[in-house]
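# Examination of the molecular architecture
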Amino acid sequence: MNFLLKFLTLLLFQCVVHINGYFITVDPHSEECFFDRAEAGTKLGLMFETVEGGFLDIEVRISGPDQKVIYQGEKESSGKYTFSAYETGIYHYCFSNKMSTLTPKVVMFSMEIGEAPKGTVGAVNEGEAGHTKLEDMIRELSGTLTSIKHEQDYMHVRDRIHRSINESTNSRVVMWSFFEAIVLIVMTVGQIYYLKRFFEVKRVV
């Protein structure tokens, strides 16, 4: 039983997909690019979120080993894009802030690279067939857990952005209300002083 548990744990660690997660700052009129090598047929997934800066938008471009553009988006605040590597080589993904003149952008992104596909192997006997099926189930479970973690990170960042916007709006409303209260007090005191001077009786001695 202990041997089986150790074997399953080891197999689970081997099946975990490769994930890179980063926070980067893209300066105005600049572009930040990253790359990963993938085998043909490998599943890749890019998830990004603009955390700070301007209108929270960024330009995204994904290109293949032959410089062919796989995906390109303009003024996107967040997104998730999944694709399969059409050939073995280096895949680039770039974040551009060239449309901004003053404001740098902070971008959170993660690239998920699945396990390279294996050739079809025929099962010699029932034991090996069961072993292969067990590996497939563990690999599927690992991918599902990774997707859940990605969703949690994604929702955590979005919650932080929305909370920051709400707190900023709330502070502005409070400051505006405070300013209005001061203006009303000043106007009230001024009107009382003016009416007092208007109805004041002047005596000539």
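Structure's up top.
This text gives an overview of the structure that appears in the document. (Residues numbered from 1 in each chain as written. Predicted model: local features only at pLDDT ≥ 70, side-chain atom pairs only at ≥ 80, totals over all residues. Heavy atoms only, no water.)

The subject of this paragraph is the state of the cysteines. Scanning all chains against the criterion turns up one disulfide. Each disulfide pairs two cysteine sulfurs, and for Cys-33 the partner residue is Cys-94, the sulfurs being separated by 2.0 Å. Because the torsion about its S-S bond is 115 degrees, the bridge between Cys-33 and Cys-94 counts as right-handed. On the criterion of sequence distance, the pair formed by Cys-33 in strand β2 (residues 31-38) and Cys-94 in strand β7 (residues 89-96) is long-range, its members being 61 residues apart. Cys-33 sits in the partly exposed class, given a relative accessible area of 36%. Using a relative accessible area of 5% as the deciding quantity, one classes Cys-94 as buried. (Disulfide = S-S within 2.5 Å. Helix = DSSP H or I, 4+ residues; strand = E, 2+ residues; numbered from the N terminus. Buried < 20%, exposed > 50% of the residue type's maximum accessible area, 1.4 Å probe, protein only.)

Turning next to the pattern of salt bridges. Tallied over the full model, the rule gives three salt bridges. Of the charged contacts, one joins Glu-31 and Arg-61 as a salt bridge, the two residues approaching to 3.0 Å between their closest N and O atoms. Pair noted here: Glu-31 is in strand β2 and Arg-61 is in strand β4 (residues 58-63), with a separation of 30 residues, a long-range link. Since its relative accessible area comes to 25%, Arg-61 is described here as partly exposed. Here Lys-105 ties to Asp-57 by a salt bridge, and the two come within 2.9 Å at their closest N and O atoms. With a gap of 48 residues between them, Lys-105 in strand β8 (residues 105-113) and Asp-57 in the loop between β3 (43-52) and β4 connect regions that are remote in the sequence. The two residues Lys-105 and Asp-57 agree in class, both being buried. (Salt bridge = Lys/Arg side-chain N within 4 Å of Asp/Glu carboxyl O.)

To continue, consider the environment of Val-26. With respect to the secondary-structure elements, Val-26 resides in strand β1 (residues 18-26). Sequence separation of Val-26 and Pro-104 is 78 residues, and the distance between their C-alpha atoms is 5.6 Å. The contact partners of Val-26, leaving out residues within four places of it in the chain, are Glu-31, Glu-32, Ile-58, Phe-95, Ser-96, Asn-97, Pro-104, Lys-105 and Val-107. (Contact = heavy atoms within 4.5 Å.)

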